[in-house]
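So the chains spell out like this:
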Amino acid sequence: MRGAGCGVRGAMTGTVPLSAYLILSAALFAIGVIGVVIRRNALIIFMAIELMLNAVNLTFVAFSKFLGSMDGQIIVFFVMAVAAAEVALGLAIIIALYRNKESVNVDDINLLKG
Amino acid sequence: MIWLIPVIPLVGSLVVGLMGRSMRRGSVAAIACGAASLALLVSLASFWRLLSLPPDARVLRHSLGSWIASGDFSVAFGFLFDPLSATMALVVTGVGLLIHVYSIGYMGEDRDYHRFFSLLNLFLAEMLVLVLADNYLLLFLGWEGVGLCSYLLIAFWFERPAAASAGTKAFLVNRIGDAAVVVAMIWMILLFGTLDFQTIFTGAPATLSHGSLAASVLSLLLFAGAVGKSAQLPLYVWLPDAMEGPTPVSALIHAATMVTAGVYMVARSAPLFQLAPVSLEIVAWVGGITALYAASIALVQTDIKRIIAYSTISQLGYMFLGLGVGAYAAGIFHLMTHAFFKALLFLAAGSVIHALAGEQDLRRMGGLRRSLRVTAGCFLVGALANAGIIPFAGFWSKDEILLAAYASGHRLLWIVGALTAAGTGFYMFRLYFLAFEGESRLTPEAASHLHESPWSMRLPLVLLALGSATVGFFGIPPESGVFHRFLGPSFPVSGHEGGSAPSPSGIGLALAALVMAGAGILMAFRYYLRDPKKPEALAERYPTLYRILVHKYWVDELYDDLVVRPTMAGARFVSASFDAGLVDGAVNGIGSLLGRAGALLRRLQTGHVPAYVLSILVGAVVLLGYLAFHGWRSTG
């Protein structure tokens, strides 16, 4: 697999450096985390989680390109497949929740309160 | 072969107890009585073998193997058959068998027939273990066994509260003495390193010097056990209450098993007591005082069985008096004759109670001789024997004890014993006259039920009456009769038991005691037969004395106030303070502590998803921070 790339240095020279990808990815991840923590709407929280997943995906792709290895990109496909399944399930849960509680505000959902 | 003697009744007890429920009554009785008679046959066979040996070598031993082996200390399931054990085994199995046969008729209508016979057999087995053991621990096994059986049998009709509490009382009072025996055994292990009779008795004179404090205390501890088991002052209170059991049980407890255990144990430990003159003195005095004390209570009781019960306590007192003055053979001789006439008296009383459908009050009897001829005749023989009238069995054994007391210099004890003899004559014949002679005072209900008992009850009565009349002849002449020569090797020789021919003064003393007993009988005749109004007049003339006797010196009330109530109050206090406060407090405290901790911790479970996410985030940041810092430290 290493042979598939045309040299580590060559891939990066003259283009955007790895650190830029990583910084962007970290920023996206942080936005996602903040979204999960401060937002109350379940749908928004869900979207924020997707944002975090995709920030991680970006990191994977960047390292894959940087290291000339396909492993990271393969994992990204897995993540996307799992995320799709998760969206299907999560949206179904949110719809069920709305039918029962007439609300998607997570403050109203505290059945597990001890 | 001797190990079979206790094992046969034990097997009988197990068979009847476990399978008796589905058996017919006839087979239950056949197995139980068969076990008792087999035990008697084996005892007789062993007895013949013993007799075939020269007098000095008359000891049979058999060990069933080791029971406890711990370091240097070991106890065997060992049985010993020497003249003393042989006498006891024959009395226990012989009288026991007759009581078994009697129970066939007496308990015929009881619904727990098999339970009764199973316990009866077990009682016999435990008593035989007790008398045949060759060490103190095995003796103690039988000792506790008869205690257990007496509890179970006294409380046989456990639906009746009086019977249940009488059983408990017997068990608890016996525990007091048993505790002393346990202490004595532990001490013996420390002193001798063993509990084997032979080793202890041969080693005792070297280990404990004559008259030493240790010997006195050790023998007194053993005697304390005997006081509990043999119902002497001050632990006699359980025996009169034990009358709540069925009458055959009373007969068994009083004649063959249980109460004789204490006398046997003291006699068996004679070599130890011989080292402690103080203990012997105490034994003699406790016996003498108990004899007089119990006889005085018996003078005024109105329950037919209770009178006989106090009579037993009194006669046991005689036995201890005999042992205490060193006349061991005389004490055991009296034990044997007493077994016959006391079993006879109880069984005859049982026959009366049976005939009157449960009536036990003398004031509602009278004139029974006309309808219960056999019972009345047998009872008369028993009463004469108990009162010590020549030539019945009680005369020979009792007067021998009195003679020994006099000969050993205990003049005062002789007077106590002679007074008791007068009392015995009075209460025995008061009982006889009130029950069997004079006008009938029966309730119409009892009168219509009146009938002579079946043959299974009359046969033991007749046999025991024959025994009561004749067993005394084994003891002629006093102190050197057949019985004493047979029993002699079992006991240490004490100074004054020389086997001398009856001296003129001895005959005079015997006559004096006889006259005392005769006077008692005559008084009973005058007061209860010729002039039935007189006892009431007498009771009115000495009201204080009468009240003291009727209330049995208030000893039960005294114990109730001194022991029972404080114990109960203490128990209640402990249960309220210690148990409810400390024990329950600790348990509840731990419970509520955990509950409060849980209540505190449950606040973490807010049910708020964002809060959980935040805590995950914080955790992740901390973890990452730590790893980053740690990584920097280790690489840097």
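Remember, it's a predicted structure, so these values are computed and weren't measured experimentally.

A. Examining the overall build of chain B more closely. Scanning chain B for helices and strands turns up 26 helices and 2 strands. Counting only C-alpha atoms and orienting by the principal axes, one finds that chain B spans roughly 120 × 65 × 55 Å. When the 636 residues of chain B are sorted by exposure, 50% land in the buried category. Considering only contacts in chain B between residues 6 or more positions apart, those separated by 24 or more positions represent 81%.

B. The arrangement of the overall build of chain A in detail. Across its full length, chain A holds 4 helices and 0 strands. The linear arrangement of helices and strands in chain A, starting from the amino end, is α-α-α-α. Nonlocal contacts in chain A, meaning residues at least 24 apart in sequence, comprise 51% of its contacts between residues at least 6 apart.

C. Highlighting the nonpolar core. Within the largest apolar cluster, 208 residues are counted, with the highest numbers of intra-cluster contacts made by Leu-128, Leu-132, Ala-343 and Leu-344 of chain B. Dropping the residues within four chain positions of it, Leu-128 of chain B is found in contact with Ile-5, Pro-6, Pro-9, Ala-39, Ala-89 and Val-92 of chain B. Ala-42, Ile-45, Phe-46 and Ala-48 of chain A belong to the second-largest nonpolar core, a separate cluster that totals 7 residues.

D. Structural view of the pairing of strand β1 (residues 60-70) of chain B. All names here are of chain B. The buried fraction of β1 is low, at 0 of 11 residues. Both β1 and strand β2 (residues 73-81) contribute to a ladder of 8 bridges, which runs antiparallel. Each bridged residue has a counterpart across the sheet, and for Leu-60 the counterpart in β2 is Phe-81. Where β1 hands over to β2, the hairpin turn is made up of 2 residues, of which Gly-71 adopts a positive phi near 65°.

E. Helix α10 (residues 247-256) of chain B, seen in detail. Residue and element names in this part refer to chain B. Judged by how many residues are buried, α10 sits mostly within the fold: 10 of 10 residues are covered. Every buried residue of α10 is listed here: Thr-247, Pro-248, Val-249, Ser-250, Ala-251, Leu-252, Ile-253, His-254, Ala-255 and Ala-256. Of the surrounding secondary structure, the elements contacted by the buried residues of α10 are α3 (83-106), α4 (113-132), α5 (136-154), α11 (259-268), α14 (304-324) and α15 (328-355). Downstream of α10 by a residue or two, Met-258 has a phi angle that is positive, lying close to 65°.

F. Structural context of the packing of helix α8 (residues 213-229) of chain B against helix α13 (residues 277-298) of chain B. Residue and element names in this part refer to chain B. Remark: α8 packs on α13, axes separated minimally by 9 Å, with the N-to-C direction vectors making an angle of 25°. With respect to each other, α8 and α13 are oriented roughly parallel. In this structure, the crossing between α8 and α13 has a hand that is right-handed. Counted together, Ser-216, Ser-219, Leu-220, Phe-223 and Val-227 of α8 and Val-278, Ser-279, Ile-282, Val-283 and Val-286 of α13 form the full contact between these two elements. Taken together, the residues of the contact of α8 with α13 break down into 7 nonpolar, 3 polar and no charged.

G. Representation of the environment of Glu-439 of chain B in the model. Residues and elements named next belong to chain B. Within the secondary structure, Glu-439 is located in the loop between α18 (411-436) and α19 (444-449). With 8 C-beta atoms packed within 10 Å, Glu-439 lands in the exposed category. Between the alpha carbons of Glu-439 and Leu-368 there is a distance of 8.9 Å; along the sequence they are 71 residues apart. Setting aside anything within four residues of it in sequence, one finds Glu-439 in contact with Gly-366 and Gly-367.

H. Highlighting the confidence of the model for chain B. Taken over all residues, the pLDDT of chain B has a mean of 85, while the share at 70 or more is 96%. Reported confidences for the modelled complex are a pTM of 0.76 and an ipTM of 0.73.

I. Summary view of α4 of chain B. Taking 1.5 Å of rise per residue, the 20 residues of α4 of chain B would be expected to cover 28 Å, and the 29 Å separating its terminal C-alpha atoms lies within 8% of that figure. Buried residues dominate α4 of chain B, accounting for 19 of its 20 residues.

J. Representation of the environment of Ala-393 of chain B in the model. All names here are of chain B. Here Ala-393 lies in helix α17 (residues 393-407). Along the sequence, Ala-393 and Leu-562 sit 169 residues apart, while their C-alpha atoms lie 41 Å from each other. When near neighbours in sequence (up to four residues on either side) are disregarded, Ala-393 contacts Thr-337, Phe-340, Phe-341, Ala-385, Ser-468, Ala-469, Val-471 and Gly-472.

K. Expanded view of unusual backbone geometry. In this structure, Pro-234 of chain B follows Leu-233 of chain B across a cis peptide bond, with omega equal to 0°. Relative to the helices and strands, Pro-234 of chain B is located in the loop between α8 and α9 (238-241). Backbone geometry at Glu-102 of chain A places phi at a positive 55°, although glycine is not the residue there. Within the element layout of this structure, Glu-102 of chain A appears in the segment after α4 (71-101). For Glu-102 of chain A, a count of 8 C-beta atoms within 10 Å translates into the label exposed. For Ala-231 of chain B, which is not glycine, the phi torsion reads 55° and is therefore positive. By secondary structure assignment, the location of Ala-231 of chain B is in the loop between α8 and α9. When the 31 C-beta atoms within 10 Å are taken as the criterion, Ala-231 of chain B is described as buried.

L. Expanded view of the confidence of the model for chain A. In the predicted model, chain A carries a mean pLDDT of 85, and 87% of its residues have values of at least 70. Here residues 1-10 of chain A scores under 50 on pLDDT; set against residues more than four positions off or in separate chains, the count is 7 contacts.

M. A look at the packing of helix α2 (residues 18-38) of chain A against helix α3 (residues 42-67) of chain A. Residues and elements named next belong to chain A. Interaxial distance between α2 and α3 falls to 8 Å at its minimum, and their mutual angle equals 165°. Taken together, the axes of α2 and α3 are roughly antiparallel relative to one another. In this structure, the crossing between α2 and α3 has a hand that is left-handed. Taken together, the residues of the contact of α2 with α3 break down into 20 nonpolar, 5 polar and no charged.

Rules of the game
Every residue gets a number counted from 1 within its own chain, in the order that chain's sequence is written. Chain letters start at A and ligand numbers start at 1, both assigned in the order the entries are written. Given that the model is predicted, a residue must reach a pLDDT of at least 70 before its local features are reported, and side-chain atom pairs must reach 80 or more before they are shown or counted; all residues, however, enter totals for whole chains, interfaces and linings. Working definition: helices are DSSP H or I runs of at least four residues, strands are E runs of at least two. Numbering for both runs from the N terminus. The burial criterion counts other C-beta atoms lying within 10 Å of a residue's C-beta, which is placed from the backbone; the residue is buried at 20 or more, exposed at 12 or fewer, and partly exposed between these limits. For the purpose of contact definition, each residue receives a C-beta atom placed from its backbone, and two residues are in contact when these atoms lie within 7 Å. The term nonpolar core refers to a group of buried residues, namely Ala, Val, Leu, Ile, Met, Phe, Trp, Tyr and Cys, whose C-beta atoms join them within 7 Å. Any two strands are treated as partners once DSSP identifies two or more bridges connecting them. A fitted line through C-alpha atoms serves as each axis, taken over the contacting stretch for helices, and the angle formed by two N-to-C directions is quoted from 0 to 180°. Working definition: roughly parallel below 35 degrees, roughly antiparallel above 145 degrees, roughly perpendicular at 65 to 115 degrees, and oblique for all remaining angles. For any helix crossing, the convention is left-handed if the near helix is rotated counterclockwise from the far helix by under a right angle, and right-handed if that rotation is clockwise. Under the scheme applied, nonpolar residues are Ala, Val, Leu, Ile, Met, Phe, Trp, Tyr, Cys and Pro; charged residues are Asp, Glu, Lys and Arg; polar residues are all the others, including Gly. The predictor rates its confidence in each residue with pLDDT, a number between 0 and 100. Each helix should span, by expectation, one fewer than its residue count multiplied by 1.5 Å.

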